[in-house]
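If you want the building blocks of each chain, they are given just below.
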Amino acid sequence: MAEAHQAVAFQFTITPEGIDLRLSYQALSQIYLSGLRSWKKRISRMRNRVIKGVYPASPSSWLFVVIAILATMYMRSDPSMGLIAKIQEHLPVSLSLSVQGQTMLSVLVFSTLLWLSLILTLRFCLKLLLSYHRWMFEQHGHISTTTKVWVVCMLCQRRWRPFNEETSHSSILFLFFPPVVYLESVRPLLSGPGFQRMTVLAAQFENSLGNRLQRYLKLKALWATNYVSDWWEEYIYLRGRGPIMVNSNYYGMDFLYVTPTPIQAARAGNTITALLLYRRKVNSDRVPGTVIPLCAAQCERMFNTTRTPGEETDVLQHWQDSEFVTVYHRGRYFRLWVYKAGRLLSPREIEYQIQRILDDPSPPGPGEDRLGALTAGDRKQYFSSGVNKRSLDCIERAAFFVTLDDEEQGMMGEDPVGNLDRYAKSLLHGKCYDRWFDKSFSVVVYKNGKNGLNAEHSWADAPTVAHLWEFTLATDAFQLGYTEDGHCKGEVERSLPPPQRLTWDIPVEVQEQVSISLSVAQALADDVDCHVFPFRDFGKGRIKKLKISPDAFIQLALQLAYYRDRKTFCLTYEASMTRLFREGRTETVRSCSNEGCAFVKAVESGEGPEHCRRLFRLAAEKHQNLYRLAMTGSGIDRHLFCLYVVSKYLGVESPFLTEVLSEPWRLSTSQTPVQQLELTHTPTQTHTPFYDGYGVSYIIVGEDMINYHVSCKHSFSETDSHRFGAQISRALLDLLSVLTPAKTENSQAQDKKQQ
């Protein structure tokens, strides 16, 4: 009750003597400081909008142009070539404005117009600079003069005005129209009659309906920022009616070999602080970037965002700001304020508040402990008013969701491999009710100090969340740090009000729906067969010495592993990002190529090493070219998807598009880039395979290790994640053996002498 009284700024009582007014100066002070912080954030956003609006110039450059024009006018030189006089003639004559004042006003108008013209010219030049993608196709060691000049221009631009600090994303170009080059990608997968049939369907489509659909798509590209991304978000994610747990959400792991502190509350304190520091960078457009600018539009909905379920489609709701996070522990939900009087709480204060939640002995209310299952299985919106609506709003409006798990996880104990698999499954789905899968991301902190996160997929792709999580782990361990006894650094203000317990009044019928949804989610979770393993025999360092792309090497190893596992080839999905373009997301690289299949068959049939090496070089170059085309907007799958959407809007059927989009991806793969650290196992994109396939995600960590996540379904007897993981390891070693020429007796003798 004391906290409730502190929250009231004033109270009054009517007595026979009059009105007794009592003010709470502490509460009024808190209100004032909170409002002051809100206004500071509004001013900061307004400042960022202005800076974005005039990029690549700066507001101060306007003053420089004005002073330069005035200086030349003072020297009796007219840089406007008579335009200032023309502007002065058309100014409204005012008795209060002298001739000198009219001249000054004309100079200001001309200077502003000149400044705006320079901004538009610089933007056009920058777009031309960013539209150059030939650098991706340069041969190793043979860089053209044009590319060298382009690199110098990019470095000068970054030094003069960094791309990702207070910049506008309007400089990133639109997605191009890729040609419908489909038949080549399915040639190794179809028999003679099947390929001939698809050739006829493709020709009929291209010569008839395809041109009509393409015209509508070109019209959208002229009008919309990106002709793919909005439809991709809506139809691939938000309109999906199945569970998003496992099927869509993905996860990120903690350090594999290091735990900064074994204290759960302390790890939560630093993790929450690091995430909020990253949010501060997002709000001020200061997210660290790369030399080549990538569109950062996905970061806008990283925090304060929830996917709310609907009947036909879900909705992504985003709020401008949130001063609290929602915490789940042992079936209870708490609102934890992370700001006080306009300042961010210190990590030690957040640890103190988290420990209060851990020490709270109160039991969960009826139906409260498993309420999160409504976001895991059959997702529906139930609460629209009353106490349930208020508590639900606290969860949905929170900056993010935090789960204090009462289990211990990590690569530990006598069975580190098995424990790593269990750690992955815990992050992927948990108990199916102790995560809030609709939040943009949920942080999980385990009893032994390990942490991780589970991210919802519709608002962003894995590389965006990977950057967030890398920053969080690096800031937690190396910047914020811990005391010698494992606690967060800083002081604690003991007068902090305790975290607020959220209250619920859950009807019996809703509790029944929770049980139904939980059973659906548990069946889905139990069917997941996943295996996570670090491959330590070699990494990208050894591969690069062979002058081969590490990604091409890994993808060809996956083709060899799949062929050995299933005795056939399959349609293979590899995710490639298209963030070189405004609001770009992903494109598909069809990794199963004619050249790759020829190489795999040669290896399996025991062809000579020279012949295999030659075929490998051809296959690797083909894969690199496919990846470059996808990154530069010349992929085919997003284009075909958009043509299919247009056909549905027009109410016309296309046998070609229907068949193309119904083909199953039996091997779904992706690489998550590591940008900052070599100690992290960053977010692993879990590709949920079709009923009879595999999902494989990999992260190239440092020079000597590759981390793999392999997933499939227990319900399909012909797949096994551990078996396929062993096939991947074997394929990697076999490829290295094929590509490494055997040493002669003389060279072996020299090696022994050196040893």
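Calculation rules
Residues numbered from 1 in each chain as written. Predicted model: local features only at pLDDT ≥ 70, side-chain atom pairs only at ≥ 80, totals over all residues. Heavy atoms only, no water. Helix = DSSP H or I, 4+ residues; strand = E, 2+ residues; numbered from the N terminus. Areas by Shrake-Rupley, 256 points an atom, 1.4 Å probe, with all protein chains shown as cover. Pairing = 2+ DSSP bridges. Contact = heavy atoms within 4.5 Å. Axes fitted to C-alpha atoms, helices over the stretch in contact; angles between N-to-C directions. UniProt positions renumbered as here; feature names shortened; annotations may be inferred. Core = buried A, V, L, I, M, F, W, Y, C linked by side-chain atoms within 4.5 Å. Buried < 20%, exposed > 50% of the residue type's maximum accessible area, 1.4 Å probe, protein only. Polar contact = N/O pair within 3.5 Å; in protein donor to acceptor, adjacent residues only side chain to side chain. 1 Å grid on protein atoms, 1.4 Å probe; cavity = no way out; pocket = protein on both sides within 12 Å on 5 of 7 lines; lining within 4 Å. Points joined across faces, edges and corners; volume = space filled by probe spheres on them. Nonpolar A, V, L, I, M, F, W, Y, C, P; charged D, E, K, R; others polar. Expected span 1.5 Å × (residues − 1). Bend = angle between axes of the 7 residues up to and from the residue. Parallel < 35°, antiparallel > 145°, perpendicular 65-115°, else oblique. Salt bridge = Lys/Arg side-chain N within 4 Å of Asp/Glu carboxyl O. Arc of directions from axis to C-beta. pLDDT = per-residue confidence, 0-100.

Another aspect to go through is the overall build of the protein. Each helix and strand counted, the protein has 24 helices and 19 strands in total. Taken as a whole, the protein presents about 35,400 Å² of accessible surface, with 58% of it coming from carbon and sulfur.

Strand order across the open sheet formed by seven strands is β3-β12-β11-β10-β6-β7-β13, with mixed pairing between neighbours. Each of the sheet's edge strands pairs with one partner strand only, and the pair in question is β3 (250-253) and β13 (500-501). As paired strands, strand β10 (residues 401-404) and strand β11 (residues 441-445) are joined by four bridges and run parallel to one another. For valine 402, the partnering residue across the bridge sits in β11 and is valine 443. Set on the sheet, helix α15 (residues 462-480) makes contact with β3, β11 and β12 (451-455); between it and β12 the angle comes to about 155°.

The UniProt record annotates "transmembrane region" (unreviewed entry) at residues 50-74 and 104-126. A distance of 33 Å separates the end C-alpha atoms of residues 104-126, which is 100% helix and 0% strand.

Moving on, we come to the nonpolar core. Phe303, Val327, Val338, Ile354, Phe400, Leu404 and Phe441 are the most contacted members of the largest nonpolar core, which totals 49 residues. Contributions of two or more residues to this core are made by α11 (264-283), β6 (324-329), β7 (332-337), α12 (347-359), β10, β11, β12 and α15. Per-element accounting of this core gives the leading share, nine residues, to α11. Ignoring anything within four residues of it in the chain, the contact list for isoleucine 354 reads Ala265, Ala268, Ile272, Val327, Leu336 and Leu404. By size, the runner-up hydrophobic cluster in this structure holds 45 residues, among which are Ile548, Val600, Tyr694 and Leu736.

This part is about the UniProt feature "active site" (unreviewed entry) in the protein. In the UniProt entry, the feature "active site" (unreviewed entry) is given for His457. Inspection of the secondary structure puts histidine 457 in the loop between β12 and α15. A relative accessible area of 8% places histidine 457 in the buried class. Among the polar contacts made by the side chain of histidine 457, one reaches the side chain of tyrosine 237 at a distance of 3.3 Å.

With that out of the way, let us pick up the sheet that holds strand β14 (residues 528-535). The strand order across the open sheet built from six strands is β14-β19-β18-β17-β15-β16, with neighbouring strands paired in mixed fashion. The sheet terminates laterally at β14 and β16 (586-590), the two strands that pair on one side only. Pairs of neighbouring strands in the sheet enclose a mean axial angle of 20°, with direction left out of account.

Tracing the sequence through the fold places serine 697 in strand β18 (residues 694-701). In this structure, the C-alpha to C-alpha distance between serine 697 and asparagine 707, residues 10 residues apart in sequence, is 8.2 Å.

Another point: empty space enclosed by the protein. Counting across every chain of the model gives eight cavities of 30 Å³ or more. Along its surface, the second largest cavity is lined by Pro309, Leu371, Leu374, Thr375, Lys380, Gln381, Tyr382, Phe383, Leu392, Glu396, Trp436 and Asp438. Of the residues assigned to the lining of the second largest cavity, the class counts are seven nonpolar, two polar and three charged.

Looking now at α15. Across its 19 residues, α15 extends 25 Å between first and last C-alpha, which sits within 8% of the 27 Å expected from 1.5 Å per residue. Residue alanine 474 marks the point of greatest curvature in α15, where the axis turns by about 30°. The element α15 is largely enclosed, with a buried count of 16 among its 19 residues. At the exit of α15 stands glycine 481, carrying a positive phi of roughly 70°.

Another point: the packing of helix α20 (residues 609-631) against helix α23 (residues 721-739). In contact at an axis separation of 9 Å, α20 and α23 are set at 110° when each is read in the N-to-C sense. Taken as axis vectors, α20 and α23 run roughly perpendicular relative to one another. Side by side, α20 and α23 meet where Cys612, Arg613 and Phe616 of the first sit next to Leu735, Val738 and Leu739 of the second. Its residues assigned to classes, the contact of α20 with α23 comprises five nonpolar, no polar and one charged.

Take the environment of alanine 523 next. Residue placement: alanine 523 occurs in helix α16 (residues 508-526). Linking alanine 523 and cysteine 432, residues 91 residues apart in sequence, is a C-alpha distance of 9.9 Å.

What follows deals with the pattern of salt bridges. For the structure shown, the criterion picks out 38 salt bridges. We note a salt bridge from aspartate 254 to arginine 267, for which the minimum N-O separation is 2.8 Å. Placement of aspartate 254 in the loop between β3 and α11 and of arginine 267 in helix α11 is noted, with a sequence separation of 13 residues between them. Residues aspartate 254 and arginine 267 agree in their burial class; the two are buried. We note a salt bridge from glutamate 456 to arginine 307, for which the minimum N-O separation is 2.7 Å. Of this pair, glutamate 456 sits in the loop between β12 and α15 while arginine 307 sits in strand β4 (residues 305-308), and the two are 149 residues apart along the sequence. Both residues of the pair, glutamate 456 and arginine 307, belong to the buried class.

Turning our eyes to something else, we now look at the packing of helix α10 (residues 229-238) against helix α21 (residues 637-650). Between α10 and α21, the least distance of the axes is 11 Å, while the angle of their chain directions is 75°. In terms of axis orientation, α10 runs roughly perpendicular to α21. Judged by residue contacts, Trp231, Trp232, Tyr235 and Ile236 of α10 engage Arg638, Phe641, Cys642, Val645, Val646 and Tyr649 from α21. Considering only residue class, the contact of α10 with α21 consists of nine nonpolar, no polar and one charged.

Attention now moves to helix α8 (residues 192-207). With 16 residues, α8 should reach 22 Å at 1.5 Å per residue; the first-to-last C-alpha distance of 23 Å fits that figure. Buried residues of α8: Phe195, Met198, Leu201, Ala202 and Phe205, and no others. One side of α8 carries all its buried residues, which in axial view fall inside an arc of 125°. Residues of α8 that are exposed and point more than 90 degrees away from the buried face comprise Pro193 and Asn207. Summarising the contacts, the buried residues of α8 are in contact with α7 (183-186), α9 (209-223), α21 and α22 (655-661).

So, on to the side chain of asparagine 451. Turning to its location among the elements, asparagine 451 is positioned in strand β12. Side chain to side chain, asparagine 451 and threonine 271 meet in a polar contact 3.2 Å long. Excluding residues that lie within four positions of it along the chain, asparagine 451 makes contacts with Met253, Asp254, Arg267, Thr271, Tyr423, Val444, Val445, Tyr446, Trp469 and Leu473.

With that settled, consider the confidence of the model for the protein. For the protein, per-residue confidence averages 84 on the pLDDT scale, and 85% of positions sit at 70 or higher. Every residue in residues 163-174 is under pLDDT 50, and counting partners more than four places away or in other chains gives 58 contacts. Low pLDDT (under 50) marks residues 744-749, which in the prediction has one contact with non-local residues, meaning those over four places away or in another chain.

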